[in-house]
Amino acid sequence: MNLEDQYKNIIKNLDERIKNKEDLEYIKSEMVTLFMSFFNEVYLLRELYEARMGAICDKQAYFEEKIEKLGNSIDKIEKDFYMDDQISDLRIVCPYCANDCFIEIENLHDNGEMECPECKNIIELDWDEDDSDCGCSGCTGDCHCEEDDML
């Protein structure tokens, strides 16, 4: 039984049991006031619920937008950060046979060594960047090549 049917049933029962018409009208009036107060509260609660849900949806949309922007920033940073790691080939000149070759980084041994594809000797790769080598052939680090380049 729905609420409207229950209300009609209560009014019918009041009509049948209360013989004094003045009292009956007073009770009906008070019941209508009570029901209207009840429905007003329900309506206000619904409005409050809708307002809160709207605020939650707005915040969710705001945070989703922030998360998307943050994800895009992270993707850009990741691309910048790992750009050097994307080099897949290394150009190596074998110190044993002078073979000039390219090797994929994935094919390096765990210790960073590689096998020359020509002579099969193991080439130890030096990953340390040493600033003492100025780039000339046979540089010992105490030469004045850089000063000569500046002239």
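Scroll up for the structure.
Here is a short report on the structure shown in this document. (Residues numbered from 1 in each chain as written. Predicted model: local features only at pLDDT ≥ 70, side-chain atom pairs only at ≥ 80, totals over all residues. Heavy atoms only, no water.)

A closer look at the overall build of the protein
For step 1, the next point in the chain: Helix and strand content of the protein: 3 helices and 4 strands.
For step 2, the next point in the chain: Shown N-terminal to C-terminal, the secondary structure of the protein runs as helices and strands in the order α-α-β-β-β-β-α.
For step 3, the next point in the chain: Of the contacts made within the protein by residues no fewer than 6 positions apart, 16% connect residues no fewer than 24 positions apart.
For step 4, the next point in the chain: Approximately 13,200 Å² of the protein is accessible, and the part contributed by carbon and sulfur atoms is 53%. (Helix = DSSP H or I, 4+ residues; strand = E, 2+ residues; numbered from the N terminus. Contact = heavy atoms within 4.5 Å. Areas by Shrake-Rupley, 256 points an atom, 1.4 Å probe, with all protein chains shown as cover.)

Observations regarding the side chain of lysine 28
For step 1, the next point in the chain: Its place among the elements puts lysine 28 in helix H2 (residues 21–82).
For step 2, the next point in the chain: Residue classification places lysine 28 among the buried residues on the basis of a relative accessible area of 19%.
For step 3, the next point in the chain: At 2.8 Å, the side chain of lysine 28 forms a polar contact with the side chain of aspartate 15.
For step 4, the next point in the chain: Apart from residues lying up to four places away in sequence, lysine 28 is in contact with Ile11 and Asp15. (Buried < 20%, exposed > 50% of the residue type's maximum accessible area, 1.4 Å probe, protein only. Polar contact = N/O pair within 3.5 Å; in protein donor to acceptor, adjacent residues only side chain to side chain.)

Side note on the packing of aromatic side chains
For step 1, the next point in the chain: Throughout the structure, instances matching the rule amount to 4 aromatic pairs.
For step 2, the next point in the chain: Geometrically, the ring pair formed by tyrosine 7 and phenylalanine 35 is edge-to-face, given 4.9 Å between the ring centres and 90° between the ring planes. Of the two residues, tyrosine 7 sits in helix H1 (residues 3–17) while phenylalanine 35 sits in helix H2, which places them 28 residues apart along the sequence.
For step 3, the next point in the chain: Among the aromatic residues, those joined into a ring-pair cluster are Tyr7, Phe35, Phe38 and Phe39. (Phe/Tyr/Trp six-rings, centres within 6.5 Å; stacked < 30°, edge-to-face > 60°.)

Observations concerning the pattern of salt bridges
Side chains carrying opposite charge are able to pair once their charged atoms draw close together.
For step 1, the next point in the chain: Tallied over the full model, the rule gives 5 salt bridges.
For step 2, the next point in the chain: The partner of glutamate 65 in a salt bridge is lysine 69, and the shortest N-O contact between them spans 3.3 Å. With glutamate 65 and lysine 69 both in helix H2, this residue pair falls 4 residues apart, about one helical turn.
For step 3, the next point in the chain: Lysine 69 gets classed as partly exposed once you look at its relative accessible area, which sits at 48%.
For step 4, the next point in the chain: Close ionic contact of aspartate 100 with arginine 91 constitutes a salt bridge, the shortest N to O distance being 2.5 Å. (Salt bridge = Lys/Arg side-chain N within 4 Å of Asp/Glu carboxyl O.)

Structural notes on the side chain of glutamate 113
For step 1, the next point in the chain: Among the structural elements, glutamate 113 can be located in strand E3 (residues 113–115).
For step 2, the next point in the chain: In this structure, glutamate 113 is buried with no salt-bridge partner, the nearest side chain bearing the opposite charge being lysine 120 at 15 Å.
For step 3, the next point in the chain: Apart from residues lying up to four places away in sequence, glutamate 113 is in contact with Leu108, Ile122, Ile123 and Glu124. (Lys, Arg positive; Asp, Glu negative; His and termini not counted.)

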